[in-house]
Amino acid sequence: MIEEKLEKILLNVQKPARYIGGEQGSVVKDPSKVSIRFAMCFPDLYEVGMSHLGMKILYSLKNEQSDVWCERVFAPDLDMEAEMRREGIPLYGLESLEPVRRFDFLGFTLQYEMCYPTILNMLDLAGIPVWAKDRGEAEPIIAAGGPCACNPEPIADFFDLFVLGEGEEVNLELIDLYRTKKREGWSRREFLLRAARIPGIYVPAFYEVAYGEDGCIRAVAPVVPEAAPVVTKRIIADLDKVYYPKNFVVPYMEIVHDRAMVEVLRGCIRGCRFCQAGFIYRPFREKEPDTLNENAHTLCRNTGYDEVSLTSLSTSDYSRLEALLEKMLPWSGEEKTNLSLPSLRVDGFSEELAEKIAQVRKSGLTFAPEAGTQRMRDVINKNLTEEEIFSTCRAAFAGGYTAVKLYFMMGQPTETDEDIEGIVQLAQRIVNLYYSMPERPKGKSVTVTCSVACFVPKPFTPFQFEAQDTVEELRRKQKHLLDTPHSKKIQLKYHDASTSVLEGVLARGDRRLAPVIYAAWRAGSKLDADDRYFDLARWEQAFAACGIDPAFYANRRREYGEVLPWDHLDFGVDKAFLIREDEKAHRDAVTLNCREGCSACGAQKLTGGNCLVRR
Amino acid sequence: MYDVRIFFSKTGRARYISHLDLNRCMQRALKRSGLPVVYTQGFNPHIRNTFALPLSLGYEGETETMDFRLEQELPLEEVARRLRESLPAELFVLRAAAPVMKPEKIRWGRYAIEARGEPQAVRRAAESLRDLLAQPELLVEKTTKKGGTRQIDIRPDLRLESMEEGEGSLRFTLLVTTGISRNINPSLLLDLLPGAGKEFSLRVRRTAVLTEELEPFC
């Protein structure tokens, strides 16, 4: 049915391969032999969603259950959406080409806040009511997980439940409960009441939020006995025993990250104070080199990928990286497979390591000092000195690199114009370093690219209490950055500030934002992570129409005692620890990384009191 | 080193795979198959595979070909089987053989075309097709590689082999100039049919790739 209609429209749209499925490694089952249909939804385009490792893991994990068929669903691009609406094609699963409205579950992954309107659009395209309260017994359960689920409050009214933390175990527990629901004939509400008792499952409808006269939250309290006052995220204690896919769906079309991936570790030992990932994925856990080598080799053989990436928040913090590379280099060389190591920290990039990687392939050198001055790097706890940056660059230049890309952030707490100038000055000193080296690549010029993002305060970070810079202030700083004298060898890149401030509103928002998101979607907002489609005016009108002041969420400093919208969710790190860290930031004081010393962040309670960092 | 030519079909959903994507897909399939494929030399080695003729996005193909080299000789049935098992069903490896002809020998593509839809619109399309092919000259705009357009006469590039009309359906077989020196996309003709893609849908399938003497390319 849908397939016939698709035939009519697919040649009218860009990149039809996004919408047909049928790729190598995609799982097709007999619908009459499965009892639970699950749609893994990524609220963005195919090429973005297909790059996401978490989705690949959960897709394979669920499909290993013989009675479950998990399919992939992405947001159609605007041209395809118009064709679908015109032809009456509802949102469908890529494996079966059947409407997801008839599935049992839709599970969305929440990777960035700007995807929220896209979620509503996908539900609407599916023919499913967007508000949870409007959904009946026949409708699928609408669930979500991923990093933004650490503060799901702005979208709480659209979802039936959220999965907090790592999904490998809790997803299966939830599916198991759903089997019982079908067997026992439970109502939707009965199912959700029981789901709320599973650790890590948050059912927002079972909580009531009370607001004070100042507009702040007074309290968040459960309204049913099944709902716990605080819901704690799930983690996998032993990563060597956790499920890892032996195969990926290998797309036909080019996607953003088109390669095999293995997950080296979870969590981060660093504690950079702006970084949400650095806190919400704690505690730090590593996989054994043998496990990783096996994961990587199996995946490469089954997918035919010629590149495998060792992913994590900070792969150079992997304590046995050398041992792992020693295991991987022989077969990867033999089979003409490239190894890639993203997100290497400056201080982890030793000459020896660079040499090992260079055996395989040479690409650009990228790292993230995040701030231009030492004072600012101390404020954000990016424990990195200028000398460390220089020694890395020196090694890279000596090894033949001529392009360096640096990531920075502006708008972080206590920042002054001097810190902005510091970004350019640091880049200039790297340029000077290059020309001072007699062993630099002969006859070649150097390029230092500085990409300067706008800081967004995020929940569960020490900076969750901080005021975000206004759009005007960020634009002034961007201008100041460009006005700081710099050589042509330095390229300065930045991004429009209004998106960052909106992201800030949504990141630290509460349930009163749901009507705003709804109104913005109604006005046409979707695929907003893409600059081509983002329109600030739609959002401004939505805020005005709902009588919500975005500055209350973005630009207001929170008292340490204020009840934050996510305080009833526990991601391991204690609020007291985050307060200590914020106070230290204002004293320019740094905190040791987890290998150097424990700061009692609280996350070790998730593993029964044992911290797994090798010291 | 041993040259191998595989013959494969590209049907169903696989017709939405672009030529560039097909190339990448085949390289990965060759890698998955574990066949001892020859790689290019250099710092960033990749598999040396070539296609005699690209197939337009949206068209099905019954006998497409791809060439590559093996480090060692293997039974051709085994080569075909291993690659077949490494590909999705809609990219189906028919057989493997040692290449006989060079791609320069290709002169014609045979296309089976089916128009389906509103009966009146299909009837009009059939009339229009007859009219167009009755003309001594058929001037169409062709986009050049530089992005401009130029007028060309495609009448000598088209030979109607058969035509069959039914209620709401029109099937016809066309020989179209195909090859390295001159390559005509049947869409240049099909776009001239009024209502194409709107009042009726078109399904295009390349059923054979032929030489000047109408021998199958092998």
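### With respect to the overall build of chain B
Here is step 1: Secondary structure summary: chain B contains 4 helices and 10 strands in total.
Here is step 2: Put simply, chain B runs from its N terminus to its C terminus through helices and strands in the order β-α-β-β-α-β-β-α-β-β-β-β-α-β.
Here is step 3: By its C-alpha atoms, chain B is 55 × 35 × 35 Å across when sized along the principal axes.
Here is step 4: Expressed as a percentage of its 218 residues, the buried residues of chain B come to 30%.
Here is step 5: Of the contacts made within chain B by residues no fewer than 6 positions apart, 70% connect residues no fewer than 24 positions apart.

### Some words on the overall build of chain A
Here is step 1: In terms of helices and strands, chain A carries 20 helices and 19 strands.
Here is step 2: Over its C-alpha atoms chain A spans a radius of gyration of 24 Å, differing by no more than 12% from the 25 Å that the globule rule assigns to 615 residues.
Here is step 3: Dimensions of chain A, computed from the C-alpha atoms along their principal axes, are close to 75 × 65 × 55 Å.
Here is step 4: Burial status across chain A gives 50% buried among its 615 residues.
Here is step 5: Within chain A, counting contacts between residues at least 6 apart in sequence, those at least 24 apart form 77% of the total.

### Some thoughts on helix α15 (residues 471-483) of chain A
Here is step 1: Here α15 of chain A spans 18 Å end to end across 13 residues, near enough to the 18 Å set by a 1.5 Å rise per residue.
Here is step 2: On its buried face, α15 of chain A is in contact with β16 (403-410), α14 (417-436), β17 (447-454), β18 (490-494) and α16 (497-507) of chain A.

### A look at the pairing of strand β3 (residues 105-109) of chain A
Residues in a regular strand project their side chains so that they alternate between the two faces of the sheet.
All names here are of chain A.
Here is step 1: The element β3 is largely enclosed, with a buried count of 5 among its 5 residues.
Here is step 2: Taking every second residue as pointing to the same face, both faces of β3 are buried, with F105, G107 and T109 on one and L106 and F108 on the other.
Here is step 3: By the bridge criterion, 4 bridges tie strand β1 (residues 36-42) to β3 in an arrangement that is parallel. In the sheet register, M40 faces β3, and the bridge partner there is G107.
Here is step 4: Two elements, β3 and strand β4 (residues 141-145), share 5 bridges in a ladder whose sense is parallel. Bridge pairing in β4 links L106 to I142.

### Focus: the confidence of the model for chain B
Here is step 1: Looking at chain B, pLDDT values average 93 and 100% of them are 70 or higher.
Here is step 2: Across the interface, the model reports ipTM at 0.87; the global pTM reads 0.93.

### Regarding the sheet that holds strand β5 (residues 161-163) of chain A
All names here are of chain A.
Here is step 1: Ordered by their spatial adjacency, 6 strands build an open sheet running β2-β1-β3-β4-β5-β6, and the pairing between neighbours is mixed. With partners counted over all chains shown, the strands left at the sheet margins are β2 (68-74) and β6 (201-202), one partner each.
Here is step 2: Where β1 lies against β2, 7 bridges are found, and the strand directions are parallel. In the strand pairing of β2, I36 is matched with V68.

### Description of the nonpolar core
Here is step 1: Judged by nonpolar contacts, the single largest core of 210 residues is most densely connected at F159, L161, A427 and I517 of chain A.
Here is step 2: Broken down by element, the residue count for this core peaks at 8 residues, all from α14 of chain A.
Here is step 3: For L161 of chain A, the contacting residues outside a window of four places in its chain are I141, A143, L192, A195, I201, Y202 and V203 of chain A.
Here is step 4: Judged by nonpolar contacts, the second largest core, of 15 residues, contains L55, I113, A125 and V204 of chain B.

### Section: the domain arrangement of chain B
Residue and element names in this part refer to chain B.
Here is step 1: Considered domain by domain, chain B is made up of domain 1 (2-99) and domain 2 (105-211).
Here is step 2: Its C-alpha centre places domain 1 at a distance of 28 Å from the equivalent point of domain 2.
Here is step 3: Between domain 1 and domain 2, the contact holds 9 residues from the first and 10 residues from the second.
Here is step 4: Counted by class, the side of domain 1 that touches domain 2 contains 4 nonpolar, 3 polar and 2 charged residues.

### Thoughts on the packing of α14 of chain A against α15 of chain A
Residues and elements named next belong to chain A.
Here is step 1: Close contact between α14 and α15 brings their axes to 9 Å; oriented N to C, the two are set at 45°. Here α14 is positioned oblique relative to α15, judged by the angle of their axes. Two packed elements cross with a definite hand, and for α14 against α15 that hand is right-handed. Residues D417, I420, I423 and V424 of α14 form the contact with α15, whose own contacting residues are K477, H480 and L481.

### Examining the environment of A195 of chain A
Residue and element names in this part refer to chain A.
Here is step 1: By the secondary structure assignment, A195 is in helix α7 (residues 188-195).
Here is step 2: Expressed as a C-alpha distance, the spacing of A195 and L161, which sit 34 residues apart in the sequence, is 8.4 Å.
Here is step 3: If we skip the residues at most four places from it in the chain, A195 touches L161, L174, L177, I201 and V203.

### Quick word on the interface of chain B and chain A
Here is step 1: Between chain B and chain A, the residue contacts involve 17 residues of the former and 20 residues of the latter.
Here is step 2: Among the elements that line the side of chain B that touches chain A, the one with the most residues is helix α1 (residues 19-33) of chain B, at 6 residues.
Here is step 3: Here the side of chain B that touches chain A is composed, by residue class, of 7 nonpolar, 4 polar and 6 charged.

### Here we look at the sheet that holds β17 of chain A
Residues and elements named next belong to chain A.
Here is step 1: If you trace the 4 strands from one edge of the open sheet to the other, you get β15-β16-β17-β18, paired in parallel fashion. At either margin of the open sheet sits one strand with a lone partner, and together these are β15 (365-370) and β18. Ignoring which end each strand starts from, the neighbouring axes of this sheet average 20° apart.
Here is step 2: Summarising the sheet, β17 and β18 pair through 5 bridges and their orientation is parallel. Each residue of the ladder has a partner; that of C450, found in β18, is L492.

### Quick word on the packing of α15 of chain A against α16 of chain A
All names here are of chain A.
Here is step 1: As a packed pair, α15 and α16 sit with axes 9 Å apart at the nearest point and diverge in direction by 140°. Taken together, α15 and α16 sit at an angle that is classed as oblique. Here α15 and α16 pass one another in a crossing that is right-handed. Here V471, L474, R475 and Q478 of α15 lie close against α16, whose contacting residues are A497, S498, S500 and V501.
Here is step 2: Of the residues that constitute the contact of α15 with α16, the class distribution is 4 nonpolar, 3 polar and 1 charged.

Rules and cut-offs
- Residues numbered from 1 in each chain as written.
- Chains lettered and ligands numbered in written order.
- Predicted model: local features only at pLDDT ≥ 70, side-chain atom pairs only at ≥ 80, totals over all residues.
- Helix = DSSP H or I, 4+ residues; strand = E, 2+ residues; numbered from the N terminus.
- Buried ≥ 20, exposed ≤ 12 C-beta atoms within 10 Å, placed from the backbone.
- Contact = placed C-beta atoms within 7 Å.
- Rg over C-alpha atoms; globule rule 2.2 N^0.38 Å.
- Expected span 1.5 Å × (residues − 1).
- Pairing = 2+ DSSP bridges.
- pLDDT = per-residue confidence, 0-100.
- Core = buried A, V, L, I, M, F, W, Y, C linked by C-beta atoms within 7 Å.
- Domains from an automatic or database assignment.
- Nonpolar A, V, L, I, M, F, W, Y, C, P; charged D, E, K, R; others polar.
- Axes fitted to C-alpha atoms, helices over the stretch in contact; angles between N-to-C directions.
- Parallel < 35°, antiparallel > 145°, perpendicular 65-115°, else oblique.
- Left-handed = near helix turned anticlockwise from the far one by under 90°.

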